[in-house]
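Architecture and fold: a report
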Amino acid sequence: MAHPQEQLIRSPSVRHPSTAEEAWRLKRELGAGAVFVAGGTLLRTQWEAGLVPYPAHLIDLAGVAEMTGVGPPDTAGSGWRIGALTSLAECRSHPGLAAASPLVKEAARVIAAPAVRNLATIGGNVLSRTGDMATALLALDAQLIWLDFAGTLAEPLSAWLDREREGSGGAPGLLTAILLPARDGITVNSKTRRYCAFHKVGRREAFIPPVVNVALDVAFDEGGVVADIRIAAGGGTMIPARLTAAEALMRGRTADAALLSALHAAVQEEYAPKPDPLVDEAFRRMTAANLVAAALWEAGRDARASEEGGESCC
Ligand SMILES: Cc1cc2nc3c(=O)[nH]c(=O)nc-3n(C[C@H](O)[C@H](O)[C@H](O)COP(=O)(O)OP(=O)(O)OC[C@H]3O[C@@H](n4cnc5c(N)ncnc54)[C@H](O)[C@@H]3O)c2cc1C
């Protein structure tokens, strides 16, 4: 790799596509030397630190209007479509999204500071693989909409992260949008209560990547029985993952003290952080277990309290 100073004096060509098709065509034509730029916040950090080489070509996505905006999906079905270029600031402030999916809002709230959130996009954060948003979106069963050699296709975020864990080598195409499906398979009645939580522990409280993050989306039926639950955890250089054994332990059961104690042990067992020379692995396992068990305890308490007509948070 050339010295950063040497790279600085080489100016990459900059392309400004106005459609997703055009952006993907440029990438195909220009090949591995071309890089998509969304908010540029991560790329800039990587270039300045000499972690990745300056590319020969930049494909600036800022003019691709179809990759912006938050609203219902274009195709049949319910849920939300978030354009990949939606800024983290908008994810935090969009009133409809915040009401429908407080997890997205909460994750956006704790990423970096306002100046970064105004530029950084949800797509760029997900594709960084270790950002806070991927953990939140995993707990929501989000889908990624790619434009690639096969055309437009939807892929579960969990499937792409699994491939990345095996070292598949990054985004397979242009990420155009993220879909949040409506929650299916849950008996929603007047007694069903949904809760969600996103917690992050870093070396500082804010403006720093997570050491541990956890996201939780849970529905309680009458009597405090867990009808549906999704738990995801990440942090450090670990690619976030669902904690499916911990979820299975809770499903169909009442979140009482004994079950929460078993859950605490299950999370410590299942959460698998990558080694970090500065943070002890046992500390990270314990922290993840504490965050998940405390969030479920609070959710169960609120569900019991609101069973007689109160509001749930998700
Ligand atoms: C000071 C600072 C603090 C930060 N704190 C946090 C934090 O607390 N938590 C956290 O999670 N992150 C944090 N980050 C990282 C930040 O989240 C990411 O920098 C940001 O979300 C990336 O979005 P972006 O739009 O700027 O991506 P870019 O830098 O533009 O792109 C990132 C990568 O994704 C690719 N890419 C982008 N969009 C697309 C697309 N639509 N299709 C295909 N490929 C694409 C790019 O080619 C590049 O490889 C911080 C960054 C900074 C600079």
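Now for a quick tour of the structure. Everything numeric in this text was worked out from a predicted model, so none of it was measured. Every chain begins its residue count from 1, and numbering advances along the sequence as written. With pLDDT at 70 or above as the cut-off, local features in this predicted model cover only qualifying residues; side-chain atom pairs require 80 or more to be listed or tallied, and sums for whole chains, interfaces and linings still use all residues. The basis for every side-chain value is the complete set of heavy atoms in the structure, and neither hydrogens nor water enter the calculation.

1. Points about the nonpolar core
Just so we agree on the cut-off: As used here, the term nonpolar core means buried Ala, Val, Leu, Ile, Met, Phe, Trp, Tyr and Cys residues forming a set that is joined through side-chain atoms within 4.5 Å. Partly exposed residues are those whose accessible area sits between 20% and 50% of the maximum for their type, while under 20% is buried and over 50% is exposed, using a 1.4 Å probe and protein chains only.
Judged by nonpolar contacts, the single largest core of 49 residues is most densely connected at Leu61, Met133, Leu137, Leu174 and Leu180. One finds Tyr195, Val226, Leu243 and Ala299 within the second-largest nonpolar core, a separate group that totals 31 residues.

2. What about the packing of helix α6 (residues 102–109) against helix α9 (residues 132–139)?
Going by this rule: To obtain an axis, a line is fitted to C-alpha atoms, over the contacting stretch when the element is a helix, and the angle between two such axes runs from 0 to 180 degrees between their N-to-C directions. By the criteria applied, helices consist of DSSP H or I runs no shorter than four residues and strands consist of E runs no shorter than two, each listed in order from the N terminus. Each angle gets one of four labels, with under 35 degrees taken as roughly parallel, over 145 as roughly antiparallel, 65 to 115 as roughly perpendicular, and the rest as oblique. Helix crossings are classified by the rotation of the near helix relative to the far one: an anticlockwise turn of less than a right angle makes the crossing left-handed, while a clockwise turn makes it right-handed. Should any heavy atoms of two residues lie within 4.5 Å, those residues are considered in contact.
Close contact between α6 and α9 brings their axes to 9 Å; oriented N to C, the two are set at 170°. In terms of their interaxial angle, α6 and α9 are classed as roughly antiparallel. The handedness of the crossing between α6 and α9 is right-handed. Taken together, the residues of α9 that come into contact with α6 (itself represented by Leu103, Val104, Ala107 and Ala108) are Asp132, Met133, Ala136, Leu137 and Ala139.

3. Points about the sheet that holds strand β7 (residues 151–156)
Convention followed: One requirement defines pairing of two strands: DSSP has to find at least two bridges between them.
The five strands lie next to each other as β4-β5-β8-β6-β7, forming an open sheet whose pairing is antiparallel. For this open sheet the edge positions go to β4 (70–71) and β7, each flanked by a neighbour on one side alone. Both strand β6 (residues 143–148) and strand β8 (residues 174–181) contribute to a ladder of five bridges, which runs antiparallel. Counted as the bridge partner of Leu144 is Ile178 from β8.

4. Describing the site of the ligand
Keep this limit in mind: Note on terminology: near, applied to a residue and a molecule or strand, indicates that one of the residue's heavy atoms is within 4 Å of it. Any N or O atom pair separated by 3.5 Å or less is treated as a polar contact, with the protein-specific requirement of one donor-capable and one acceptor-capable atom, and with residues adjacent in sequence counted only for side-chain atom pairs. Per-residue and other accessible areas follow the Shrake-Rupley method at a 1.4 Å probe size, with only the shown protein chains counted as cover for residues. In this count, Pro and Cys sit with the nonpolar residues alongside Ala, Val, Leu, Ile, Met, Phe, Trp and Tyr, while Asp, Glu, Lys and Arg are called charged and the others, Gly among them, polar.
Phe36, Gly40, Thr41, Thr121 and Asn125 are the nearest of the 32 residues found near the ligand. Within the backbone of Phe36, an N or O atom sits 2.6 Å from an oxygen atom of the ligand. Separating an oxygen atom of the ligand from a backbone N or O atom of Ala112 is a distance of 3.2 Å. Bound to the protein, the ligand loses 87% of the 980 Å² it would expose on its own. Listing elements by their share of the shell around the ligand, those giving two or more residues are β2 (34–37), α3 (41–48), α8 (122–127) and β8. In terms of residues, the shell around the ligand owes the most to one element, α3, which gives four residues. Per-class residue counts for the shell around the ligand are 21 nonpolar, nine polar and two charged.

5. Things to note about the packing of aromatic side chains
Worth spelling out the cut-off: Two rings belonging to Phe, Tyr or Trp (six-membered ring only in the last case) form a pair when the distance between their centres is within 6.5 Å. Interplanar angles under 30 degrees mark stacking, angles over 60 mark edge-to-face geometry, and anything in between is tilted.
Tallied over the full model, the rule gives four aromatic pairs. Between Trp47 and Tyr54, the ring centres sit 5.7 Å apart and the planes meet at 25°, which makes this aromatic pair stacked. Given a relative accessible area of 22%, Tyr54 falls into the partly exposed group. Geometrically, the ring pair formed by Trp146 and Trp160 is edge-to-face, given 5.8 Å between the ring centres and 65° between the ring planes. Here Trp146 is found in strand β6, whereas its partner Trp160 is found in helix α10 (residues 157–165), with 14 residues between them in sequence. You'll find Trp146 and Trp160 in the same group, each marked buried.

6. Some details on unusual backbone geometry
A positive phi angle is found at Ala112, which is not glycine, with a value near 50°. Along the polypeptide, Ala112 turns up in the loop between α6 and α7 (114–119). Ala112 sits in the buried class, given a relative accessible area of 19%. For Asp141, which is not glycine, the phi dihedral falls at a positive 60°. If you trace the backbone, Asp141 turns up in the loop between α9 and β6. Note on Asp141: relative accessible area 32%, which makes it partly exposed.

7. Structural notes on the environment of Ser101
Its place among the elements puts Ser101 in the loop between α5 (95–100) and α6. Setting aside residues no more than four positions away along its own chain, Ser101 makes contact with Leu140 and Leu180.

8. Topic: the side chain of Thr121
Among the secondary structure elements, Thr121 is positioned in the loop between α7 and α8. By relative accessible area, which is 6% here, Thr121 ends up buried. Excluding residues that lie within four positions of it along the chain, Thr121 makes contacts with Ala38, Gly39, Ala84, Leu85, Thr86, Ser87 and Leu88.

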